[in-house]
Amino acid sequence: METFSTLTHKISKVSATVIAGQVRGIVGLTLTVAGLERAAVIGQRCRVIGRHGVVESEVVGAGAEGLRLLPFGKWEGVAVGDRVELVLNDAGIHPDDSWIGTVVDALGRPLSRAPRFSRGRRTPTSSRPPPAFERRRVGEKLETQIKCVDVFTPICQGQRMGIFAGSGVGKSTLMAMLARNTNADVIVMGLIGERGREVREFIQEDLGETGLARSVVVVSTGDEPPLLRRQAAWTAMSVAEHFRATGRQVLLLLDSVTRFAMAQREIGLAIGEPPTTRGYPPTVFSELPQLLERAGPGRDGEGDITGIFTVLVDGDDLNEPIADAVRGIVDGHLVLDRQVAERNRYPAINVQRSISRMLPGCHDADQQAILGAARRAMARYSDMEELIRVGAYKPGSDPETDHAIRFFEEADPYLSQNRGDQIPAAQSFAELYRMLLNAGIDVPLPGAPASDAA
């Protein structure tokens with residue numbers, strides 16, 4: 001027997017009017033439809049009635065010859081002359097508290113076992129960011145219990161942080177650590193263009209039962225059409241916006257923005273947009289701020305979306321177009337360095353190249369003093385590293401370099417952290433302060449009594 005909510009959903013999809021056209025041509029991913037030009041708008045859904053069944057699609061462009069549609073599946077079984085029906089009921093998702101602990105697809109349909117899964121109020125997946133003057137400011141510091149992050153690149157409530165990494169440098173593991181360790185009410189994770197074999201492995205091993213119990217995971221694998229991969233990013237953001245509107249603190253993890261941009265590139269090229277830098281059409285660079293700006297602090301009475309966005313840098317080039325565009329939008333970035341990973345230090349965060357734009361305001365005076373001394377010592381070691389490694393530097397030649405070497409030798413292995421470890425921020429600062437003193441580096445603490453500072 002069907003439930004009342006199921007029947008209500010089916011009734012809501014019934015339309016008294018059917019507006020139809022027909023297929024005029026198919027080239028690659030693009031299908032051209034005649035007869036719907038005056039009725040459809042960009043972004044509206046259509047049903048193409050093919051020989052093998054119905055293919056869901058979306059209007060992505062228009063021209064003199066008709067509307068241009070891209071599929072949420074494949075055009076197999078579709079031929080010229082087939083019927084195309086306009087979906088009059090506005091498309092969207094229906095997030096609800098019952099989604100927490102569930103894995104859903106790009107269209108908000110459950111992929112995992114979800115006996116309590118139900119539909120809430122309709123939420124559009126493509127919406128505008130909140131107006132700048134209606135937003136609150138970024139909130140207090142979030143403790144991630146990851147040593148490198150809490151000390152060198154702190155994250156605050158409502159901040160947007162990028163993680164820039166090449167392949168195989170520990171990006172997914174760092175994401176899972178943030179999901180498990182960070183104190184947030186709800187975690188929304190979008191896996192965009194992920195390898196199919198890794199989805200279950202990531203959810204069960206990296207995220208774990210504890211992480212999944214307070215998460216909504218949106219999945220679109222790399223074999224799915226570009227429209228679904230782009231939609232998955234929009235869906236994850238819309239789910240996060242739903243929970244933010246209820247006053248909750250949301251941690252949004254989107255992996256990866258690069259694959260979202262690649263999906264948009266496929267869509268743009270399919271409808272005839274001119275390619276620009278590295279083949280990316282102009283809409284890619286307009287869609288990125290439209291997506292990322294939706295995260296952040298909410299209005300008065302709402303919660304915040306703290307956004308963590310990964311960028312898969314091509315050839316470890318941090319100046320490639322997508323990385324460069326995202327770095328200009330977000331409020332800080334973590335750089336995962338292959339050379340650091342080769343030293344077997346994970347998370348492989350290069351603290352010299354990483355930055356949080358919330359500094360110095362989110363650290364107190366003592367923490368800022370410890371951070372500054374540690375950064376200076378690590379920068380000094382980095383400047384002299386080649387000479388030190390080949391034996392060209394003679395100990396005692398420069399006291400500052402000697403102190404930096406002693407500090408680095410102890411601090412570098414300390415900053416390594418297993419994925420199951422949880423280290424309070426206060427402990428991380430205390431340990432680094434001790435290492436600085438052991439290395440002979442004087443760190444006056446402004447907040448400490450004179451006797452303690454001495």
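Quick note: structure is the one above.
Report follows, based on the coordinates. The structure presented is a predicted model; accordingly, all values stated were derived computationally and were not measured.

## Topic: the pattern of salt bridges
Under the criterion given, the structure shown has 25 salt bridges. Of the charged contacts, one joins E65 and R68 as a salt bridge, the two residues approaching to 3.0 Å between their closest N and O atoms. Members of the salt-bridge network, linked through shared partners, are R195, R197, E198 and E201.

## A few points about the pairing of strand β2 (residues 30-34)
Summarising burial for β2: five of the five residues are buried, a large majority. Every second residue of β2 is oriented toward a common face, with T30, T32 and A34 on one face and L31 and V33 on the other, all of them buried. Pairing of strand β1 (residues 20-27) with β2 involves five bridges; the strand directions are antiparallel. Its bridge partner being in β2, Q22 is matched across the sheet by A34. Taking the residues between adjacent antiparallel strands as the criterion, β1 and β2 are bridged by two residues, where G28 takes a positive phi near 60°.

## What to know about the nonpolar core
One finds F152, V217, L253, I308, F407 and L432 to be the most contacted residues of the largest nonpolar core, which totals 65 residues. Top element by residues in this core is helix α10 (residues 365-389). It accounts for nine residues. When sequence neighbours within four positions are dropped, the list of residues in contact with I308 reads I155, M161, I163, M175, L178, L251, L252, L253 and L254. Residues A232, V257, Y280 and L318 belong to the second largest nonpolar core, which totals 48 residues.

## Some thoughts on the side chain of T123
Counting through the fold element by element, T123 comes out in the loop between β7 (102-104) and β8 (141-142). Relative accessible area serves as the criterion here: at 15%, T123 is assigned to the buried category. Residues contacting T123, with those up to four places away along its chain left out, are G92, I93, P95 and S238.

The rules behind these values
- Residue numbers here run from 1 along each chain, matching the order of that chain's written sequence.
- Only residues with pLDDT of at least 70 get local features here, since the model is predicted, and only at 80 or more are side-chain atom pairs given and counted; chain-wide, interface and lining totals rely on the full set of residues.
- Hydrogens and water are ignored here; the side-chain numbers use all heavy atoms of the structure.
- Salt bridges, as used here, are contacts in which a Lys or Arg side-chain nitrogen is within 4 Å of a carboxyl oxygen on Asp or Glu.
- Only protein chains enter the accessibility calculation, which uses a 1.4 Å probe. A residue is then buried if its area is under 20% of the maximum for its type, exposed if over 50%, and partly exposed in between.
- Here a helix means four or more residues in a row that DSSP labels H or I, a strand means two or more in a row labelled E, and each is numbered from the N terminus.
- Between any two strands, pairing holds if DSSP finds at least two bridges.
- Residues belong to one nonpolar core when they are buried, are Ala, Val, Leu, Ile, Met, Phe, Trp, Tyr or Cys, and are joined through side-chain atoms within 4.5 Å.
- Here, two residues are considered to be in contact whenever any of their heavy atoms come within 4.5 Å of each other.

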